Amino acid sequence: MSVDAVTVITENWLIESDDYGNFVIDSEVINVLISYRQLRKHDFEAGGALIGCLREDNIMEVNDLTLPQPSDKRTKYSFFRSNAHNKILNDKWKASNGNAYLVGLWHTHPEPTPKYSNEDNKDWHKVLKQGHYEGQSLIFIIVGQKDIRLWVSDNKNYKTSLVGEYSLEE
């Protein structure tokens, strides 16, 4: 009989980027992301929005997220975010007096080290063009089975750059 080991992250993930500024992903957010990894054969992709703020010291902070919603479309190899995430984002923005807002998106992949697909890239660019957010860029996190990767894309040239990788291997 095997028991899945539970990984609990206690420290924030700090990513330093000369091109895009710095990023802090709260440890509680990381723990939620980890809980949705696709480790079993029949696990479906999951995803949502990343919520946080841009601090004055050029740091994007992620301290909350939306969870998969019943109205999302989920399969082993795809995830479609429903409009339910927008309502949650709007409610959290109002509750924070405009201090908590969309900073990016997240979803899972059934592979050890995730790579974004053409479909992911199209979705990201659509949100960059049509979404309501602060600043000039959004972050995109894909949670793999062994690694979490973070990309940044800006709304000027839509260049997507890998800026961080968080290994879940001990």
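Overview of the structure. (Residues numbered from 1 in each chain as written. Predicted model: local features only at pLDDT ≥ 70, side-chain atom pairs only at ≥ 80, totals over all residues. Heavy atoms only, no water.)

1. Overview of the overall build of the protein chain
Phase 1 of the analysis: Looking only at helices and strands, the protein chain has three helices and ten strands in total.
Phase 2 of the analysis: Each helix (α) and strand (β) of the protein chain, taken in turn from the N terminus, gives the series β-β-α-β-β-β-β-α-β-α-β-β-β.
Phase 3 of the analysis: In terms of its C-alpha atoms, the protein chain occupies a principal-axis envelope of roughly 50 × 35 × 30 Å.
Phase 4 of the analysis: Residue burial in the protein chain is summarised as follows: out of 170 residues, 47% are buried.
Phase 5 of the analysis: Taking contacts inside the protein chain between residues at least 6 apart in sequence as the whole, the part at least 24 apart equals 57%.
Phase 6 of the analysis: Between the centroid of the 19 positive side chains of the protein chain and the centroid of its 25 negative side chains there is a distance of 9 Å. (Helix = DSSP H or I, 4+ residues; strand = E, 2+ residues; numbered from the N terminus. Buried < 20%, exposed > 50% of the residue type's maximum accessible area, 1.4 Å probe, protein only. Contact = heavy atoms within 4.5 Å. Lys, Arg positive; Asp, Glu negative; His and termini not counted. Charge placed at Lys NZ, Arg CZ, Asp CG, Glu CD.)

2. With respect to helix α3 (residues 118-130)
Phase 1 of the analysis: Along its 13 residues, α3 runs 18 Å from first to last C-alpha, staying within 8% of the 18 Å computed at 1.5 Å per residue.
Phase 2 of the analysis: When we look at burial in α3, the residues that qualify are Asp120, Asn121, Trp124, His125, Val127 and Leu128. Each buried residue of α3 sits inside an arc of 160 degrees when the element is viewed along its axis, so together they form one side. Residues of α3 that are exposed and point over 90 degrees away from its buried face: Asn118, Glu119, Lys122, Lys129 and Gln130.
Phase 3 of the analysis: At its buried positions, α3 is contacted by β7 (101-108), β8 (137-143), β9 (147-154) and β10 (160-167). (Expected span 1.5 Å × (residues − 1). Arc of directions from axis to C-beta.)

3. Considerations on the side chain of serine 82
Phase 1 of the analysis: Considering the arrangement of structural elements, one finds serine 82 in the loop between β6 (78-80) and α2 (84-95).
Phase 2 of the analysis: For serine 82, a relative accessible area of 9% translates into the label buried.
Phase 3 of the analysis: Looking at serine 82, its side chain comes within polar contact range of the side chain of serine 71, at 2.7 Å.
Phase 4 of the analysis: Beyond its immediate sequence surroundings of up to four residues, serine 82 is in contact with Gln69, Ser71 and Asp72. (Polar contact = N/O pair within 3.5 Å; in protein donor to acceptor, adjacent residues only side chain to side chain.)

4. So, the side chain of glutamate 45
Phase 1 of the analysis: Among the structural elements, glutamate 45 can be located in the loop between α1 (27-35) and β3 (47-55).
Phase 2 of the analysis: Despite its burial, glutamate 45 pairs with no opposite charge, the nearest such side chain being arginine 74 at 8.2 Å.
Phase 3 of the analysis: Those residues in contact with glutamate 45, other than ones at most four positions away along the chain, are Gln38, Arg74, Thr75, Lys76, Tyr77, Ser78, Phe79, His107, Thr108, His109 and Pro110. (Salt bridge = Lys/Arg side-chain N within 4 Å of Asp/Glu carboxyl O.)

5. As for unusual backbone geometry
Outside of glycine, negative phi angles account for most residues, and trans bonds account for most peptide bonds.
Phase 1 of the analysis: The backbone phi angle of asparagine 58 is positive, close to 60 degrees, even though this residue is not glycine.
Phase 2 of the analysis: Mapped onto the elements, asparagine 58 comes out in the loop between β3 and β4 (59-65).

6. Some thoughts on the packing of aromatic side chains
Phase 1 of the analysis: Enumeration over the complete set of coordinates arrives at six aromatic pairs.
Phase 2 of the analysis: Between the aromatic rings of tryptophan 124 and phenylalanine 140, the centroid separation amounts to 4.5 Å while the plane-to-plane angle is 10 degrees, which identifies the pairing as stacked. With a gap of 16 residues between them, tryptophan 124 in helix α3 and phenylalanine 140 in strand β8 connect regions that are remote in the sequence. Take tryptophan 124 and phenylalanine 140: they sit in the same class, and that class is buried.
Phase 3 of the analysis: For the ring pair tryptophan 124 and tryptophan 151, a centre distance of 5.8 Å and an interplane angle of 40 degrees mean the geometry is tilted. Of this pair, tryptophan 124 sits in helix α3 while tryptophan 151 sits in strand β9, and the two are 27 residues apart along the sequence. Side by side, tryptophan 124 and tryptophan 151 carry an identical accessibility label, which is buried.
Phase 4 of the analysis: Among the aromatic side chains, those forming a connected cluster through ring pairs are Tyr116, Trp124, Phe140 and Trp151.
Phase 5 of the analysis: One residue, lysine 129, lies across the ring of tyrosine 158, its end atom 5.3 Å from the ring centre. (Phe/Tyr/Trp six-rings, centres within 6.5 Å; stacked < 30°, edge-to-face > 60°. Lys NZ or Arg CZ within 6 Å of the ring centre and 35° of its normal.)

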